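Given next are the chains, with one letter for each unit.
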Amino acid sequence: MITLFRLARIALVVVLLSAGISARADLSTSVVALKAARLFDGKSKALVTNGVVIVQGDKIVEAGSNLPIPNGAQIIDLGDATLSPGFMDAHTHLTFDFSGNFNERRLKILETNVSELALMTIPNARATVEAGFTTVRDLGSHFGDSHDFVDISLRNAIARGIIVGPRMLVATYGIGATGGHFDDTAGFRDLLFGREPDYSNGIADGPDAIRKAVRFQVKNGADVIKAAVSGGVLSMTDEVDTPQFTPVEMAALVDETHRLRKKIAVHCHGDQAAKEAIEAGVDSIEHGSFLKPETLQLMKSKGTYLVPTLMATEWIMGKIEAYPAVLQAKAKAAGAARSEMFRNAVKMGVKIGLGTDAAVYPHGQNAKEFKLMVDLGMPPIDALRAGTSADAELFGIAHKVGTLEKGKLADIVAIPGDPTTDITATERVSFVMKEGKIVKNTAR
Ligand SMILES: [Zn+2]
């Protein structure tokens, strides 16, 4: 009996010891300490010096200035750089590339198998995350009459680690009116594609059809709903600023989306459509080119976000000959109006999220939006906040990402130098970590 007891005690001690050893071993291999000359926590009004972020597994354990480094942690010293939360882009289209000749690209989509179009998204996702954008809200993906939900597949493949890319919140097919910005058949001969598009293509007229379209997107995996409530630049038969939905349709759109606990982002250039959308309770106005000061005031009082997508107009204006004449005229009108609108929004303190309309320009140049915002009067620190914590709040995921804080996912970038004195440094991130895994490190 005594021998058995002793054996049992020895066994217990051995088990406890080995458990202790393996726990210690795990700790030393999985704790990473990132160090850099400065740190931006995603929400503060200033940077701090001697930035440290302690990461264990996929989470941040601690972040701040001059923090002690835990024993056995792997230290990654990023030198004269600024640690920042991974950037976020509130308006991408990772499944498209419209940066070349518009008509050529439009024809290419009709010629190419959707499986091939899907594979072509892989480098877009990689370029985006390597540019420091660890989360994107992908606002619409649709290849003609295809029902393949390529954005859902891309989101899932990235989440499973099959493809390198940012965390995606996807909208599947944008919802719009017949002949509006999202009607892919507009500009082609009537019934060329066999039938008028319907809710299953995102095209809906009347409150019931709009509710059905929202339900259809959510049924198929949408994280967020996107709708076009005014005309747009890159569409053939709509005027850029005319309303696309009635107030009754808009109310149904917002109500159904919110009942399903999703956020609603609306493409809107025109002032009247924006007013009606804000009154209906949309979560963000995308583009907003022609918004008047009183409409911006309404946004401020309702807490509606503006996602100005300055990169989109910037790219189109720089390559205006690549677009059909009818689109050139619309681009010029929107481009001429948006700078004053943005300056007013900054002055008035409207909530602003960073979004770029990636796909209009080549993927991976998202960070150029920071400079465009600063050039139009936004303080650099506020531009950085727009591309981190403000977007996280707009997406409804601020409890997980957007700041460098204990318990958040370890989405971290290193910006060379000090982005508050040279905002273009955001275009040259030297280090990208997503959920604790290093995606890129050129700082070595
Ligand atoms: Zn867009």
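Residues numbered from 1 in each chain as written. Predicted model: local features only at pLDDT ≥ 70, side-chain atom pairs only at ≥ 80, totals over all residues. Heavy atoms only, no water.

S.K.: Before we move on, can you summarise the coordination of the zinc ion with the specific residues and values?
M.R.: Taken together, His91 (NE2), His93 (NE2) and Asp357 (OD) make up the protein donors of the zinc ion, found 2.1 to 2.2 Å from the metal. Motif for the zinc ion, donor spacing along one chain: H-x1-H-x263-D. Pair check on accessibility: His91 and His93 agree, each one buried. (Donors = N, O, S within 2.8 Å, 3.2 Å for Na, K, Ca; no water. Buried < 20%, exposed > 50% of the residue type's maximum accessible area, 1.4 Å probe, protein only.)

S.K.: Any chance you could break down the environment of Asp190 for me, citing the residues and the numbers?
M.R.: Within the secondary structure, Asp190 sits in the loop between strand 8 (167–170) and helix 6 (207–219). For the pair formed by Asp190 and Ala280, sequence separation is 90 residues and the distance between their alpha carbons is 33 Å. (Helix = DSSP H or I, 4+ residues; strand = E, 2+ residues; numbered from the N terminus.)

S.K.: Go over the pattern of salt bridges, please, and point to the residues and values.
M.R.: For side chains of opposite charge, pairing can occur when their charged atoms come near one another. Taken as a whole and judged by the stated rule, the model has 22 salt bridges. Residues Glu435 and Arg167 are paired through a salt bridge, measuring 2.9 Å at the closest nitrogen-oxygen approach. Pair noted here: Glu435 is in the loop between strand 14 (431–434) and strand 15 (437–441) and Arg167 is in strand 8, with a separation of 268 residues, a long-range link. Overall, the relative accessible area of 32% leaves Glu435 in the partly exposed class. (Salt bridge = Lys/Arg side-chain N within 4 Å of Asp/Glu carboxyl O.)

S.K.: Give a detailed account of helix 4 (residues 122–130), specifying residues and quantitative values.
M.R.: Of all the residues in helix 4, the buried ones are Asn124, Ala125, Thr128 and Val129. The buried residues of helix 4 occupy an angular sector of 120 degrees when projected down its axis, which confines them to one face. Tucked inside the fold, the buried residues of helix 4 contact strand 7 (133–138), helix 5 (150–159), strand 14 and strand 15. Count one or two residues on from helix 4 and you reach Gly132, which has phi positive near 100 degrees. (Arc of directions from axis to C-beta. Contact = heavy atoms within 4.5 Å.)

S.K.: Please set out the pairing of strand 13 (residues 412–416) residue by residue, giving values where relevant.
M.R.: Counting buried positions over the five residues of strand 13 gives four, a clear majority of the element. With five bridges connecting them, strand 5 (residues 81–85) and strand 13 associate as antiparallel partners. For Pro85, the partnering residue across the bridge sits in strand 13 and is Ile412. (Pairing = 2+ DSSP bridges.)

S.K.: An account of the sheet that holds strand 9 (residues 225–228) is needed here, citing residue identities and associated values.
M.R.: Strands in a sheet are paired, the pairing made by backbone hydrogen bonds, and the direction either parallel or antiparallel. Within the open sheet, the four strands sit side by side as 9-10-11-12. Their pairing is parallel. Across the chains shown, the open sheet's two edge strands, defined by having one partner strand only, are strand 9 and strand 12 (305–307). When strand polarity is set aside, the average angle formed by the axes of neighbouring strands in this sheet is 25 degrees. By the bridge criterion, four bridges tie strand 10 (residues 264–268) to strand 11 (residues 284–287) in an arrangement that is parallel. Looking at strand 11, one finds that Val266 is bridged to Ile285. (Axes fitted to C-alpha atoms, helices over the stretch in contact; angles between N-to-C directions.)

S.K.: Can you explain the nonpolar core? Please cite residues and give values.
M.R.: Ranked by size, the top nonpolar core spans 60 residues in total, and within it Val229, Phe245, Leu253, Val266, Ile285, Phe370 and Met373 carry the most contacts. Here Val266 is in contact with Ala227, Val229, Leu253, Ala277, Val282, Ser284, Ile285 and Glu286, once residues within four sequence places are set aside. (Core = buried A, V, L, I, M, F, W, Y, C linked by side-chain atoms within 4.5 Å.)

S.K.: Account for the confidence of the model for the protein, naming residues and giving values.
M.R.: When pLDDT is averaged along the protein, the result is 93; 93% of the residues meet or exceed 70. Contacts for the low-pLDDT stretch residues 11–28, under 50 throughout, to residues beyond four places or in other chains number two contacts. (pLDDT = per-residue confidence, 0-100.)

S.K.: Describe in detail the side chain of Ser146, supporting the description with residues and values.
M.R.: In this structure, Ser146 sits in the loop between strand 7 and helix 5. A polar atom in the side chain of Ser146 sits 3.3 Å from the side chain of Asp148. For Ser146, the contacting residues outside a window of four places in its chain are Val114 and Tyr173. (Polar contact = N/O pair within 3.5 Å; in protein donor to acceptor, adjacent residues only side chain to side chain.)

S.K.: Lay out the packing of helix 12 (residues 368–375) against helix 13 (residues 380–395) with the relevant residues and their values.
M.R.: Axis separation between helix 12 and helix 13 bottoms out at 9 Å; the angle between their running directions is 135 degrees. What the angle tells us is that helix 12 and helix 13 run oblique. Between helix 12 and helix 13 the crossing geometry is right-handed. Here Phe370, Met373 and Val374 of helix 12 lie close against helix 13, whose contacting residues are Pro380, Ala383, Leu384, Ala386 and Gly387. Residues of the contact of helix 12 with helix 13, tallied by class, amount to seven nonpolar, one polar and no charged. (Parallel < 35°, antiparallel > 145°, perpendicular 65-115°, else oblique. Left-handed = near helix turned anticlockwise from the far one by under 90°. Nonpolar A, V, L, I, M, F, W, Y, C, P; charged D, E, K, R; others polar.)

S.K.: Just give me the short version of helix 7 (residues 247–259), but keep the residues and values in it.
M.R.: In this model, helix 7 (13 residues) spans 18 Å end to end at C-alpha, consistent with the 18 Å of a helix rising 1.5 Å per residue. Buried within helix 7 we find Glu249, Met250, Ala252, Leu253, Val254, Glu256 and Thr257. Looking at the packing, one finds that the buried side of helix 7 touches helix 6, strand 9, strand 10 and helix 8 (271–280). One or two steps after helix 7, the chain reaches Arg261, where phi turns positive at roughly 60 degrees. (Expected span 1.5 Å × (residues − 1).)

S.K.: How would you explain the sheet that holds strand 8 if you had to name every residue and give the values?
M.R.: Strand order in the open sheet formed by three strands is 6-7-8, and the pairing between neighbours is parallel. Looking at which strands have only one partner, the edges of the open sheet turn out to be strand 6 (87–92) and strand 8. With direction set aside, neighbouring strand axes in the sheet form an average angle of 15 degrees. Relative to strand 8, strand 7 runs parallel, the two sharing four bridges. The residue bridging Arg137 from the neighbouring strand is Leu169, located in strand 8. Packing against the sheet, helix 13 makes contact with strand 6, strand 7 and strand 8, and its axis sits at approximately 50 degrees to strand 6.

S.K.: Give me the layout of surface pockets: which residues, what numbers.
M.R.: Estimated volume of the largest pocket: approximately 470 Å³. Lining the largest pocket are 22 residues, and of these Ile158, Ala159, Arg167, Lys434 and Glu435 lie nearest its centre. Among the elements of the structure, helix 5, strand 8 and strand 15 are those that each provide at least two residues to the lining of the largest pocket. For the lining of the largest pocket, a count of residues per class yields 12 nonpolar, three polar and seven charged. In this structure, the second largest pocket encloses a volume near 330 Å³. Around the second largest pocket, the lining comprises 16 residues; the ones closest to its centre are Val350, Lys351, Ile352, Arg385 and Ala390. (1 Å grid on protein atoms, 1.4 Å probe; cavity = no way out; pocket = protein on both sides within 12 Å on 5 of 7 lines; lining within 4 Å. Points joined across faces, edges and corners; volume = space filled by probe spheres on them.)

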